[in-house]
Amino acid sequence: MKIRSITYFINPKWPLDEGALTQAGEFGGAARLAFVVAGYEVQSARLATVPFPELIPSLDRSEVIEFAQQLERIARPLGFEYIAIGPALPDDLRAYALIPEVLAATENVFASAVMSSPSSGVSLPAVRACAEIIQCLAPQDGNGFANLYFAALANVSAGAPFFPAAYHMGDNPAFALAVESADLAVEAFTQAKSLAEARQNLIAAIETHAAKLSNIAQKWTRRSADGQTPLFGGIDFSLAPFPEESLSLGTAFERLGVPAVGLHGSLAAAAIIADTIDKAEFKRTGFSGLMLPVLEDDTLATRAGQGVLTLKDMLLYSAVCGTGLDTIPLPGDTTADQLTPVLLDLAALARRLNKPLTARLMPIPGKQAGDRTNFDFPFFANSRVLALDVEPLQGHLAGDEAFQLSPRNHHSLVSA
């Protein structure tokens, strides 16, 4: 198991408060060293801000780009490899149109945009705006990499440490841990002689590591020079994978007994693993479920390449677990009108189930459904471009309304 990220959450102000950023860097460096000394590999330190429209309410194009560039220029030498400037918000759609320009003007800045939330409901204009961002970003890089830096958010609260979803609310700084821990599930299931033992093995592994990580984290919530205490928000134990078979959640599914991820039985496996994570006791934040990024998971990429695992399967599994649709390779000529229904399904699912979900969809320029991907990137496994079974929305769903979806009430059944 590794720490994917120590994510520091901050309101950097605008103009930027360089003193606060320096303190964040000092804190992050010291905390990182503490985890390394304890035996954990820390892959990155990351900085997440409040939503950029709150810092620059005028949404002046040049000012927003200057903010992102200046933040990146200051934060990188302080030890923050990646920076997230938070989401565009449905109350002003001008912010959505700025995201492709911001990402084109920076190297390691991430951004997101809200499609649905408890306050806004599901916003049809925001869903469509997210689809337009994805389409606009696709040709910025020959492999579609620009969309790696953007996620459409559905029901995602502040404080989730995984990028691109990470953002902050308020003025008090905080930090949280995102872990890469799919190997814990693979090991727990491989060594077990029964389903019950497999689940107990995973709970024990999560709780053991979480206790150790939490103890270290609490030591680094001491007061900084200006009297502020960075709050420890918790650990996102989403069992994130790495593109090796032994570090794959797809492998974990198959060690439970699913012949191949995507076949029937996969939904049950997803539900079992998610429920097992829920039973573990630790200070949690973010998604703390299953993370099923197709291109970051060796077995998922293989099954998608074989045609066994589809986009609809991934959406289905999101109903019982998961973080949504992540690193999904799509045809390069996919239009915003074709992306919109997929995003709408995800947004509606998140609100109806009252759970956080994201979409990071990656149209690959020049590729069609069934084509092999050819990434030369250590964090990706190659697969095939997935087909989209979709037609543009019509009628009321093609309108400009926002609507609320309440989580389903579970009434007791009464016999007739």
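Residues numbered from 1 in each chain as written. Predicted model: local features only at pLDDT ≥ 70, side-chain atom pairs only at ≥ 80, totals over all residues. Heavy atoms only, no water.

Caption draft 1: The arrangement of the overall build of the protein chain in detail. Broken down by element type, the protein chain carries 12 helices and 11 strands. For 416 residues, the compact-globule estimate of 2.2 N^0.38 gives 22 Å, and the C-alpha radius of gyration of the protein chain, at 21 Å, lies within 12% of that figure. Counting every position in the protein chain, which comprises 416 residues, the buried fraction comes to 56%. Contacts spanning at least 24 positions in sequence make up 78% of the contacts within the protein chain whose residues lie at least 6 apart. Here the protein chain displays about 16800 Å² of accessible surface, and carbon together with sulfur accounts for 51% of that area. (Helix = DSSP H or I, 4+ residues; strand = E, 2+ residues; numbered from the N terminus. Rg over C-alpha atoms; globule rule 2.2 N^0.38 Å. Buried < 20%, exposed > 50% of the residue type's maximum accessible area, 1.4 Å probe, protein only. Contact = heavy atoms within 4.5 Å. Areas by Shrake-Rupley, 256 points an atom, 1.4 Å probe, with all protein chains shown as cover.)

Caption draft 2: Focus on the pattern of salt bridges. Scanning all chains against the criterion turns up 14 salt bridges. The closest approach of N and O atoms between Glu 101 and Arg 61, which form a salt bridge, is 2.4 Å. Here Glu 101, found in helix α4 (residues 94-104), pairs with Arg 61, found in helix α3 (residues 61-75); they are 40 residues apart in sequence, far enough to count as distant. The partner of Asp 92 in a salt bridge is Arg 94, with the nearest N and O atoms 2.8 Å apart. Residue classification places Asp 92 among the partly exposed positions, given a relative accessible area of 23%. (Salt bridge = Lys/Arg side-chain N within 4 Å of Asp/Glu carboxyl O.)

Caption draft 3: Structural context of the side chain of Thr 49. Turning to its location among the elements, Thr 49 is positioned in strand β2 (residues 45-49). Overall, Thr 49 belongs to the buried group, its relative accessible area being 0%. A polar atom in the side chain of Thr 49 sits 3.5 Å from the backbone oxygen of Ile 85. Leaving out residues up to four positions away in the same chain, Thr 49 has contacts with Ile 10, Pro 12, Leu 71, Ala 84, Ile 85, Gly 86, Tyr 167 and His 168. (Polar contact = N/O pair within 3.5 Å; in protein donor to acceptor, adjacent residues only side chain to side chain.)

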